[in-house]
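Read off the chains here:
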Amino acid sequence: MGEKNFDLFEQEMETGKNLAIQGKWKDAYRHFEIAHELGHSVRKRHLAAHRSALQAAIKTKHPGRIFYQLFFLGFATLTSTP
């Protein structure tokens, strides 16, 4: 992951976390999804983004997103390069 992508990843995760603290879970989910795309090439960051997005999906009680995040969290755990 390039330095620029790392910085953008960290910014999106931080924004998502701040929104989650405020209870703005739908907005937080969107930022975690952006972070997911930016962190896709690094397993630790990829999985962190999926875990955060899963938490947001659970808080918003969105079954489709919960299923999606559970599925891809498992899939990424098995297929991502360390």
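As shown above, the structure is provided for reference.
It should be emphasised that the depicted structure is a prediction, and the values quoted were computed from it without experimental measurement.

How each quantity is defined
- Residues numbered from 1 in each chain as written.
- Predicted model: local features only at pLDDT ≥ 70, side-chain atom pairs only at ≥ 80, totals over all residues.
- Heavy atoms only, no water.
- Patch = residues over 30% accessible without salt bridge, like charges linked within 9 Å, V, L, I, M, F, W, Y side chains within 5 Å.
- Areas by Shrake-Rupley, 256 points an atom, 1.4 Å probe, with all protein chains shown as cover.
- Salt bridge = Lys/Arg side-chain N within 4 Å of Asp/Glu carboxyl O.
- Lys, Arg positive; Asp, Glu negative; His and termini not counted.
- Charge placed at Lys NZ, Arg CZ, Asp CG, Glu CD.
- Helix = DSSP H or I, 4+ residues; strand = E, 2+ residues; numbered from the N terminus.
- Phe/Tyr/Trp six-rings, centres within 6.5 Å; stacked < 30°, edge-to-face > 60°.
- Buried < 20%, exposed > 50% of the residue type's maximum accessible area, 1.4 Å probe, protein only.

**Q** Before we move on, could you go through a negative patch on the surface and cite the residues and values that matter?
**A** On the surface, Glu3, Asp7, Glu10 and Glu14 cluster together to form a negatively charged patch. Checked against the element boundaries, Glu14 lands in helix H1 (residues 3–21).

**Q** I'd love a proper account of the packing of aromatic side chains, names of residues and values included.
**A** Counted under the stated rule, the structure contains 5 aromatic pairs. A ring pair is formed by Tyr68 and Phe72, whose centres lie 4.7 Å apart and whose planes are at 50°; its orientation type is tilted. One end of the pair is Tyr68 and the other is Phe72, both in helix H4 (residues 63–79) and 4 residues apart, which spans about a single turn. With a relative accessible area of 33%, Tyr68 lands in the partly exposed category. Geometrically, the ring pair formed by Phe71 and Phe72 is edge-to-face, given 4.9 Å between the ring centres and 90° between the ring planes. For Phe71, a relative accessible area of 45% puts it in the partly exposed group. Among the residues examined, Phe72 registers a relative accessible area of 29% and is labelled partly exposed. Cluster of aromatic residues (ring-pair linked, three or more members): Phe67, Tyr68, Phe71, Phe72 and Phe75.

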